[in-house]
Every structure is written in C-alpha cells, then in structure tokens.
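The chain contents come next:
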Amino acid sequence: MRVIAIVNQKGGCGKTTTTVNLAGALAADGARVLVVDLDPQAHATLALGVDPEEQDENLYEILAEPAGTRSLEEVIVGAGDGLDLAPSSIVLSALEQKLAGERHDSLTERLSIALENLPPYYDYVLIDCPPNVGLLTFNALRASREVIIPLEMSFFAVDGVQKLLETVALLNDRIGHDISVRILPTLYDGRTRYARQTLGDVRELFKDLCFDSVIRLNVKLREAARAGKPISRYAPSANGARDYAALAIEVEATPPPVERTDIPREEKEATSSDATREVVIRYRDAQAGEVRIAGDFNGWIPDKGVRSMIESEGETRIWTKVFYLQPGTYQYRYVVDGEWFRDPDNNEWIPTPAGQENSLLVVR
Ligand SMILES: Nc1ncnc2c1ncn2[C@@H]1O[C@H](COP(=O)(O)OP(=O)(O)OP(=O)(O)O)[C@@H](O)[C@H]1O
Ligand SMILES: [Mg+2]
C-alpha cells in the first residue's frame, strides 16, 4: 500500500483536483484506491459525489479519539469504480481546538495508525490536505512515505518556492522518517510565455524531483468536480483526463526508493558508483545555533544524506558538512536557525525564480 499525501500550504494550487483525478486515473488502471479527505472544506468529498452533510460519520470520529479506538473502515464509503473515500466534514476544523489541551506526540500518529490497521486491500491511499500545516497535515505526513506538492504555474507560483522548501524541511525534521517529495506543475497554460518560463525554472530548480507530467489548465476539470466525478469518468478524452492518466502512469512506474536504514555506512559508500565524489564544505559562525545544508542534491531537505561535524575555534563554531555526489552542477543554501541563505564564502551563486540566491557547487 502506497500512501501519498498531496500537500501545499498555498490555497488553490490543485491539491484536491490532483487527489481526486489521480485517484480516478489509478482506479481506471485497475488499482484499488482510497481517498482520505483531510480538509474540513470537504472539497474532495464533494468532488467524488458524496454529500458531507448526509454522512453519519466522517474522519472526525476517527481522529478525535485515541488511536485504535475506532476503525477507519467504519467511515469509508464507496465512490464508484474501485474508488473509496474516507469523507471529511466541516467539524474536522474543530479538531485542533478539541485536542489543544492534549499536547503529546501521538496526536499526529492517529491517521497513520488507522491506515496501518486497515486490511491489506488498497494499493494506494491518497490524502488531500488543507492549505495550512497544522495538526491535520502533520497527521497526513506522518502516515505517508510520499508527498506530491502541486505547484501552480501561474503568475505568482514561484513566490511560494521558499515556503515550499520550508515545508519540506519541516516534514523531515518533525516527522522523523524519510519522505519522498515530488513537485507537480499544475494549472499550466502553455500559451503564455510566463507559464513556459516558470515551468523551465521549476524544472531547473527541482530537477528529478519534478514530475515529467504537467497538468494543463482545463475547464473540464472544474466541471468534473462540480459533477462529483473524477475526470476519467466525466470526460475521459479531455486534456485533463489525459494529463492525470499520464501522471498515474508516472506514479505507478516510480515507487519511492526502499528505505534501508539497516545498511551500515561503510557498505553504503562501497556500493555507490566509482564516479561518486566526497564533498566537504564548511560554515563558520559565532552566533548560529543550528546550521544545516539543503540543495537539489538532497531534495532541499536540510541535512538529508549529509554528515555534520561541529568544532569550536575560540568564539567561532565551524560546521563541516560531508556528503557524496556524482559529477555535475548543484544548487544549495544554508539553513541557519531556520533562515535560508546562500553560502557567504562562495562567490558562485545564481538568483532563483523567486528572487532569492542559491549557491552553486560544481563537482568534477
Ligand atoms: N488544471 C486545472 N484546470 C482548470 N481548473 C483547475 C485545474 N486544477 C484546479 N482547477 C480549479 O482551480 C480551483 C482550485 O483547485 P483545487 O481545489 O484543486 O485547489 P486546492 O489546492 O485543493 O485548493 P485549497 O487549498 O482551497 O484546498 C478549483 O476550482 C479547481 O476546479
Ligand atoms: Mg483543496
């Protein structure tokens, strides 16, 4: 069972559209798919033709109680043709307040445990998240090994890139397990030069993290949502249906890498190819408390795959970062106490589409 969360704190970038229509496309390919609607707006529930008001029970019942109290199966409803739904309702928005008094870690594990307790029936679970990073989104991330971040290719899309990177960093830090993150360009209007330029910039910045599939602007997607059906059923020959079918194929073909925490470091290094180089860079600072490094080589997840050492030289502390890369050109930034900026000791840098600065690293 692959559990994929669709996340972006920016509203209206296509999270729900992607959840519902990727689910529809995977189901059309014969997969058994569960959509978990974690957004109190219940847009995914509505887009699958289910009226949240008419449901006796919804995800609130599962998440409001300690893990294991209720089975997720009790709230799941059929949404036709291989698709099931764990519906949302506006009451989910009250969850945060209800649980505010009970601050402990297990609150973010409730969905994860509920999914683990399901019988092994589903091939995919797709989780639609609300446009913020609160308790509900953390439940989704905890439960997922994969994240899809829809990124709108319209005028303001690139402004969100920095925020996006922070979200990705937050995931890895707080969740404590490896999450494979992919970027999905959405709402793409190829007729505008701006959108073409943005797509190029996003591909350049995120490289392999960016899906090859692109979701074009297509009014049929809006109509399908209103009709309460995935586009694979509503208008199977529309561009929107083709784009999500292509995305489904790409998702099916690229499962996340198997997590092998059991391999000792020496063995990992010995198995890496001869072309891999050891990269060592240092950061000096007298004030900083925590210094991490994030770049396209580690999916912009601070310190992922990086060994860190800290030494003191009088007042100054020196962070040494060691990691392994194939020859190529990479972009990175330091994350110093949560602030992202380019390497002050490296004169090679380029501006990002969002107007920030990334340092360049050339490995020969
Ligand atoms: N590719 C597309 N072409 C045309 N319209 C689209 C496309 N993708 C999404 N839309 C429309 O844009 C609006 C926002 O999309 P959607 O609801 O999927 O975003 P969201 O990220 O889930 O929003 P929220 O943050 O509010 O949950 C919806 O009306 C949807 O029908
Ligand atoms: Mg939504």
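Relevant structure appears above.
**A short note on the overall build of the protein**
For step 1, the next point in the chain: Looking only at helices and strands, the protein has twelve helices and 15 strands in total.
For step 2, the next point in the chain: Split into buried and exposed, the 364 residues of the protein put 51% on the buried side.
For step 3, the next point in the chain: Summarising the internal contacts of the protein: among those between residues at least 6 apart in sequence, 76% fall at separations of at least 24.
For step 4, the next point in the chain: Element-wise, carbon and sulfur atoms account for 48% of the exposed surface of the protein, whose accessible area totals about 17,000 Å².

**Regarding the site of ligand 1**
For step 1, the next point in the chain: Ligand 1 sits among 18 residues. The nearest are Lys15, Thr16, Thr17, Arg216 and Asn218.
For step 2, the next point in the chain: Contacts to ligand 1 include Gly12, whose backbone N or O atom sits 3.0 Å from an oxygen atom.
For step 3, the next point in the chain: One of the side-chain nitrogen or oxygen atoms of Asp39 is found 3.5 Å away from an oxygen atom of ligand 1.
For step 4, the next point in the chain: Protein contact buries 85% of the 620 Å² of open area that ligand 1 shows by itself.
For step 5, the next point in the chain: According to the grid-proximity analysis, the pocket containing ligand 1 is the second largest pocket.

**Re the layout of surface pockets**
For step 1, the next point in the chain: Considered as a void within the structure, the second largest pocket measures approximately 600 Å³ in volume.
For step 2, the next point in the chain: As for the second largest pocket, its lining consists of 28 residues, and the residues nearest its centre are Gly12, Gly14, Thr16, Thr17 and Arg222.
For step 3, the next point in the chain: Of the residues belonging to the lining of the second largest pocket, the class tally is 13 nonpolar, ten polar and five charged.

**What about the packing of aromatic side chains?**
For step 1, the next point in the chain: Taken as a whole, this structure holds six aromatic pairs when the rule is applied.
For step 2, the next point in the chain: Of the aromatic side chains, those joined through ring pairs into one cluster are Tyr283, Trp319, Tyr332 and Tyr334.
For step 3, the next point in the chain: Directly above the ring of Tyr121 sits Arg32, whose terminal nitrogen or CZ lies 4.7 Å from the centroid.
For step 4, the next point in the chain: Directly above the aromatic system of Phe211 lies the positively charged group of Arg182, at a separation of 4.1 Å from the ring centroid.

**What about the sheet that holds strand 1 (residues 2–6)?**
For step 1, the next point in the chain: On the basis of which strands lie adjacent, the open sheet formed by seven strands has the order 3-4-2-5-1-6-7 and mixed pairing. In this open sheet, the two edge strands, each paired with only one partner strand, are strand 3 (77–78) and strand 7 (180–186).
For step 2, the next point in the chain: Lying on the sheet, helix 1 (residues 15–28) is in contact with strand 1, strand 2 (33–37), strand 4 (83–86), strand 5 (124–128), strand 6 (146–152) and strand 7; it crosses strand 5 at an angle near 165°.
For step 3, the next point in the chain: Running at roughly 150° to strand 1, helix 6 (residues 135–143) makes contact with strand 1, strand 5 and strand 6 of the sheet.

**What to know about the environment of Lys10**
For step 1, the next point in the chain: By secondary structure assignment, the location of Lys10 is in the loop between strand 1 and helix 1.
For step 2, the next point in the chain: Accessibility expressed as a relative area gives 32% for Lys10, which makes it partly exposed.
For step 3, the next point in the chain: Separated by 142 residues in the primary sequence, Lys10 and Glu152 have C-alpha atoms spaced 9.3 Å apart.
For step 4, the next point in the chain: Filtering out sequence-adjacent residues up to four positions away, Lys10 remains in contact with Lys15, Pro131 and Glu152.
For step 5, the next point in the chain: A polar contact of 3.0 Å, which involves the side chain of Lys10, links it to the side chain of Glu152.

**What to know about the pattern of salt bridges**
For step 1, the next point in the chain: According to the stated counting rule, one finds 16 salt bridges in the structure shown.
For step 2, the next point in the chain: Where Glu152 meets Lys10, a salt bridge forms, and the shortest distance between an N and an O atom there is 3.0 Å. A residue pair is termed long-range when its members are at least 10 positions apart, and Glu152 in strand 6 and Lys10 in the loop between strand 1 and helix 1 qualify at 142 residues.
For step 3, the next point in the chain: With a relative accessible area of 16%, Glu152 lands in the buried category.
For step 4, the next point in the chain: With a shortest N-O distance of 2.8 Å, Arg216 and Asp243 are connected by a salt bridge. Here Asp243 lies in helix 11 (residues 239–253) and Arg216 lies in the loop between helix 8 (193–206) and helix 9 (219–227), a separation of 27 residues in the sequence.
For step 5, the next point in the chain: The structure contains a network of salt bridges with shared partners spanning Glu57, Arg70 and Glu74.

**Quick look at the side chain of Asp84**
For step 1, the next point in the chain: By secondary structure assignment, the location of Asp84 is in strand 4.
For step 2, the next point in the chain: Within the buried core, Asp84 has no salt-bridge partner, and the shortest N-O distance to an opposite charge, that of Arg32, equals 8.8 Å.
For step 3, the next point in the chain: Among the polar contacts listed, one links the side chain of Asp84 to the side chain of Tyr122, at a separation of 2.5 Å.
For step 4, the next point in the chain: When neighbours within four sequence positions are excluded, Asp84 is seen to be in contact with Val33, Leu34, Val35, Ile76, Val77, Gly78, Ala79, Tyr121 and Tyr122.

The rules we used
- Residues numbered from 1 in each chain as written.
- Chains lettered and ligands numbered in written order.
- Predicted model: local features only at pLDDT ≥ 70, side-chain atom pairs only at ≥ 80, totals over all residues.
- Heavy atoms only, no water.
- Helix = DSSP H or I, 4+ residues; strand = E, 2+ residues; numbered from the N terminus.
- Buried < 20%, exposed > 50% of the residue type's maximum accessible area, 1.4 Å probe, protein only.
- Contact = heavy atoms within 4.5 Å.
- Areas by Shrake-Rupley, 256 points an atom, 1.4 Å probe, with all protein chains shown as cover.
- Near = heavy atom within 4 Å.
- Polar contact = N/O pair within 3.5 Å; in protein donor to acceptor, adjacent residues only side chain to side chain.
- 1 Å grid on protein atoms, 1.4 Å probe; cavity = no way out; pocket = protein on both sides within 12 Å on 5 of 7 lines; lining within 4 Å.
- Sits in = over half its atoms within 2 Å of the grid points.
- Points joined across faces, edges and corners; volume = space filled by probe spheres on them.
- Nonpolar A, V, L, I, M, F, W, Y, C, P; charged D, E, K, R; others polar.
- Phe/Tyr/Trp six-rings, centres within 6.5 Å; stacked < 30°, edge-to-face > 60°.
- Lys NZ or Arg CZ within 6 Å of the ring centre and 35° of its normal.
- Pairing = 2+ DSSP bridges.
- Axes fitted to C-alpha atoms, helices over the stretch in contact; angles between N-to-C directions.
- Salt bridge = Lys/Arg side-chain N within 4 Å of Asp/Glu carboxyl O.
- Lys, Arg positive; Asp, Glu negative; His and termini not counted.

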